[in-house]
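Structural overview
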Amino acid sequence: MPTRRLRPAVAYPVAIAAGAATVLLAATPAAAHVKVAADKAQAGARDVTITFTGEGESARAGIEAERVVLPAGIAIADVQLVSAPPGWTFTAAEDGYTVSGPALRPRADAVHTIRVARLPATAHALAFKTLETYSDGSVARWIDLPEAGNPEPEHPAPVLTLRPAAAPSTAGAVPVTGPSSTGGAPAAGPDISGPAIAQPAPAGRNTAGTVAAIALMSVALLLVAGVLVLVVVLRRRSTTP
């Protein structure tokens, strides 16, 4: 079957359009993503190491800078650079920071790590909006957040999902006695009174008992004396002729 050739009037515009499309596709970064991960992905965690991986997918240009906007609850003063590509430096800004340096080779990922003093205690997820600059001047803006009508945006910001904060420790806590929050009586504390010690009765309180005891003792002595007298008398009579 003979092959039909396009006439020059048609072939030239088609070739030009195809070449322009090829150049544009090669020069523009593909739909890569920026990924984020942490060693302690938990709300309220301290000394957290966070790693960002910017996927470089341009065939003609390499990544030379990453601009990261910090989420609410993380201050730039609590952030320090741990590692970055060779020759890259850390520059702080009011709302975040930039790591930049010599351009990486085309399609090479830009990986850098920071340390955060503490993550927000009540956050469930942290979005780090990121702008990647390529050596040809193009910028990939990974700043979009999921919405009700757009759950998967075209250029999503990297999001770090957090576990709930750890429950506060109660070890070593000392119970406090005092009025309860509901207005009731304070809780009873430990009994430190010790064994009861008998106290002497105040003077004059047992006067009647004392008089009765003295009277009984007097009667008993009188009876004993009477018995002795009777014995003596009987013995004398028995010895009298």
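Shown above is the structure to which this text applies.
Source: prediction; values computed, not measured. (Residues numbered from 1 in each chain as written. Predicted model: local features only at pLDDT ≥ 70, side-chain atom pairs only at ≥ 80, totals over all residues. Heavy atoms only, no water.)

So, the overall build of the protein
- Of the regular secondary structure elements, the protein holds two helices and eleven strands.
- Taking all 241 residues of the protein together, the buried fraction comes to 22%.
- Excluding contacts between residues fewer than 6 apart, the proportion of contacts in the protein whose partners are at least 24 apart in sequence is 67%.
- Summed over its atoms, the accessible surface of the protein is roughly 16,800 Å², and 62% of this surface lies on carbon and sulfur atoms. (Helix = DSSP H or I, 4+ residues; strand = E, 2+ residues; numbered from the N terminus. Buried < 20%, exposed > 50% of the residue type's maximum accessible area, 1.4 Å probe, protein only. Contact = heavy atoms within 4.5 Å. Areas by Shrake-Rupley, 256 points an atom, 1.4 Å probe, with all protein chains shown as cover.)

Side note on the sheet that holds strand 10 (residues 139-142)
- The five strands are arranged 5-6-3-9-10 in an open sheet whose pairing can be described as antiparallel. Two strands bound the open sheet, and with one partner strand each, they are strand 5 (89-92) and strand 10. Pairs of neighbouring strands in the sheet enclose a mean axial angle of 15°, with direction left out of account.
- Bridging between strand 9 (residues 129-134) and strand 10 involves four bridges; their strand directions are antiparallel. Looking at strand 10, one finds that Leu131 is bridged to Arg141. (Pairing = 2+ DSSP bridges. Axes fitted to C-alpha atoms, helices over the stretch in contact; angles between N-to-C directions.)

As for the pattern of salt bridges
- Tallying each qualifying case throughout the model produces two salt bridges.
- A salt bridge links Glu55 to Lys35, with the shortest nitrogen-to-oxygen separation between them at 3.2 Å. Residue Glu55 is found in the loop between strand 2 (46-54) and strand 3 (63-69), and its partner Lys35 is found in strand 1 (residues 34-38); the two are separated by 20 residues along the sequence.
- A relative accessible area of 14% places Glu55 in the buried class.
- Classification of Lys35 by relative accessible area gives partly exposed; the value is 49%.
- With a closest N to O distance of 2.7 Å, Asp95 and Arg67 form a salt bridge. Of this pair, Asp95 sits in the loop between strand 5 and strand 6 (96-100) while Arg67 sits in strand 3, placing them 28 residues apart in sequence.
- For Asp95, a relative accessible area of 38% corresponds to the partly exposed category. (Salt bridge = Lys/Arg side-chain N within 4 Å of Asp/Glu carboxyl O.)

Side note on the nonpolar core
- The biggest cluster of nonpolar side chains holds 31 residues, and the ones touching the most others in it are Ile50, Phe52, Ile74, Leu119, Phe128 and Leu162.
- For Ile74, the contacting residues outside a window of four places in its chain are Val79, Val116, Leu119, Pro120, Leu126 and Phe128. (Core = buried A, V, L, I, M, F, W, Y, C linked by side-chain atoms within 4.5 Å.)

Some thoughts on the pairing of strand 6
- Pairing analysis gives five bridges linking strand 3 to strand 6, with the strands arranged antiparallel. Residue pairing for strand 6: Ala65 is matched across the bridge by Ser100.
- The turn joining strand 5 and strand 6, which pair antiparallel and follow one another in sequence, is formed by three residues.

A word on the packing of aromatic side chains
- A full pass over the atoms with the stated rule returns two aromatic pairs.
- Aromatic pair Phe52 and Phe128: ring centres 5.3 Å apart, planes at 80°, arrangement edge-to-face. With a gap of 76 residues between them, Phe52 in strand 2 and Phe128 in the loop between strand 8 (125-127) and strand 9 connect regions that are remote in the sequence.
- Consider the rings of Phe90 and Tyr97, whose centres lie 5.0 Å apart with planes at 25°: the pair is stacked. (Phe/Tyr/Trp six-rings, centres within 6.5 Å; stacked < 30°, edge-to-face > 60°.)

Brief notes about the sheet that holds strand 4 (residues 79-83)
- Strand order in the open sheet made by the four strands is 1-2-7-4, with antiparallel pairing throughout. Looking at the sheet topology across the chains shown, the edges are occupied by strand 1 and strand 4. On average, each strand axis in the sheet is tilted by 25° relative to the strand beside it, whichever way the strands run.
- Judged from the five bridges that link them, strand 1 and strand 2 form a sheet pairing that is antiparallel. Bridging from a neighbouring strand, Ala37 pairs with Thr51 of strand 2.

Regarding unusual backbone geometry
- Its identity as a non-glycine residue notwithstanding, Asp47 has a phi of 50°, on the positive side.
- On the secondary structure map, Asp47 appears in strand 2.
- A relative accessible area of 48% means that Asp47 is categorised as partly exposed.
- Of note in this structure, Arg107 is not a glycine but carries a positive phi near 70°.
- As for its position among the elements, Arg107 is in the loop between strand 6 and strand 7 (110-118).

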